[in-house]
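Here is what each chain is made of, one letter per residue.
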Amino acid sequence: MNSYWIESFPNIIKDSKELNENITADVCIVGGGITGISTAYELSKSGLKVVILEKDLLSQKTTGNTTAKITSSHGLFYSYLANSFSTDYARKYLFANQNAIDSIEKKINSENIDCDFERTDSYIFTSTPEDVQQIEDEVSTVNLLGYPAEFTTNAPIPLKISGSIKFPNQAQFHPRKYVAGLCNSILKNSGKIYENSKVIDIKRKNNNYIISTHTASVTSKYLVIATRYPIVRF
């Protein structure tokens, strides 16, 4: 299946290059998806010298095939959190997600990133009457946590539904355009980004990490592994 996000915005950065010389950095981040890029952005804004190593092309795996929704609604999850842990635990999780949406919007505004961002409502729905009670229970839980979720049978989708939970003021965007905007800021802050630079070895030497590719290495005080799967065990 093709990805609209990749096809509509094929190049994250211009003049893509591979790591071909040994360099040093404060932080080396392995993985050029939205997690690695977002981490690099925050660290570069704080004044650290950042290097990103991506084994293929930036944001073509999980980030390039995402739903592109930015929401706090992840299935009927809050009743589970409240019942399995505590109401306070569930509340912290909910508002951490809400704060993340606000943080993304602030970055978009401060960096002038054109990424089709818009605030919109999010829905989780069922077409099975037997599942309606679960949705109603979830609405009650989310309301108890302090967020104005609503039960509705009028979700704006071309399907007949029995009920849904509506999360107001969520968001959506073009993830690769967003990542491109963060990359521009990282590069302006003297960060370095390398594509087609697969990490094949990581060693600890004195107080530094030595991160090696097939052609060169990065020596850094700190290391962030932001890959889809772990690539090393310490």
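Residues numbered from 1 in each chain as written. Predicted model: local features only at pLDDT ≥ 70, side-chain atom pairs only at ≥ 80, totals over all residues. Heavy atoms only, no water.

Novice: Could you give an account of the overall build of the chain, with specific residues and numbers?
Specialist: Check the secondary structure of the chain and you find 6 helices and 10 strands. Considered along the principal axes of its C-alpha atoms, the chain spans approximately 60 × 40 × 35 Å. Scored against the burial criterion, the 234 residues of the chain give a buried share of 43%. Taking the contacts inside the chain whose residues are at least 6 apart along the sequence as the reference set, 70% of them involve residues at least 24 apart. Surface summary for the chain: the accessible area is close to 13000 Å², and the carbon and sulfur share equals 48%. Of the charged side chains in the chain, 25 are positive and 24 negative, and the gap between their average positions amounts to 9 Å. (Helix = DSSP H or I, 4+ residues; strand = E, 2+ residues; numbered from the N terminus. Buried < 20%, exposed > 50% of the residue type's maximum accessible area, 1.4 Å probe, protein only. Contact = heavy atoms within 4.5 Å. Areas by Shrake-Rupley, 256 points an atom, 1.4 Å probe, with all protein chains shown as cover. Lys, Arg positive; Asp, Glu negative; His and termini not counted. Charge placed at Lys NZ, Arg CZ, Asp CG, Glu CD.)

Novice: Residues and numbers for the pairing of strand β2 (residues 50-53), please.
Specialist: Judged by which residues are buried, β2 turns out to be covered on both faces: V50 and I52 on one side and V51 and L53 on the other are all buried. Once the chain exits strand β1 (residues 23-30) it traverses helix α2 (residues 34-45) before rejoining the sheet at β2, and the crossover so formed is right-handed. Two strands pair when backbone bridges link them, and β2 and strand β7 (residues 192-194) are joined in this way by 3 bridges, in the parallel orientation. If you follow V51 over to β7, its bridge partner there is K192. (Right-handed = clockwise from strand over helix to strand, strands pointing away. Pairing = 2+ DSSP bridges.)

Novice: Any details on the sheet that holds β2? Residues and values, ideally.
Specialist: In space, the 6 strands of this open sheet follow the order β7-β2-β1-β10-β9-β8, with mixed pairing throughout. Edge positions in the sheet fall to β7 and β8 (201-205), since each of these pairs with one other strand and no more. Neighbour-to-neighbour, the strand axes of this sheet turn through a mean angle of 40 degrees, independent of strand direction. (Axes fitted to C-alpha atoms, helices over the stretch in contact; angles between N-to-C directions.)

Novice: An account of helix α6 (residues 175-188) is requested, with residue identities and associated values reported.
Specialist: Here α6 is 14 residues long and its end C-alpha atoms lie 20 Å apart, about the 20 Å a rise of 1.5 Å per residue gives. Among the 14 residues that make up α6, 10 are buried, leaving the element largely enclosed by the rest of the structure. Of all the residues in α6, the buried ones are P175, R176, Y178, V179, A180, G181, L182, C183, S185 and I186. Residues of α6 that are buried sit in contact with α1 (4-8), α2, β2, α4 (87-111) and β7. (Expected span 1.5 Å × (residues − 1).)

Novice: Which residues make up the packing of α2 against α6, and what values go with them?
Specialist: Taken N-terminus to C-terminus, the directions of α2 and α6 make an angle of 30 degrees; their axes are 9 Å apart at the nearest point. On the basis of the axis angle, α2 is roughly parallel to α6. Our pair here, α2 against α6, has a crossing hand that is left-handed. Residue-level inspection shows I34, I37, S38, A40, Y41, S44 and K45 of α2 in contact with α6, the latter providing Y178, V179, L182, C183, S185 and I186. (Parallel < 35°, antiparallel > 145°, perpendicular 65-115°, else oblique. Left-handed = near helix turned anticlockwise from the far one by under 90°.)

Novice: Quick rundown of the packing of aromatic side chains? Include the residues and the values.
Specialist: Aromatic rings considered in pairs are described by the distance between their centres and by the relative angle of their planes. Following the criterion strictly, the structure yields 11 aromatic pairs and no others. Each ring, one from F95 and one from Y147, has its centre 6.5 Å from the other, and the planes form 70 degrees; the classification is edge-to-face. Taken together, the residues span a long stretch of sequence, with F95 in helix α4 and Y147 in the loop between α5 (132-144) and β5 (150-152) at a distance of 52 residues. Its relative accessible area of 30% is what places F95 among the partly exposed residues. Judged by its relative accessible area of 8%, Y147 falls in the buried class. Look at F173 and Y178: their rings are 5.2 Å apart centre to centre, the planes differ by 45 degrees, and that puts the pair in the tilted class. Among the aromatic residues, those joined into a ring-pair cluster are F77, Y78, Y80, F85, Y89, Y93, F95, Y147 and F167. (Phe/Tyr/Trp six-rings, centres within 6.5 Å; stacked < 30°, edge-to-face > 60°.)

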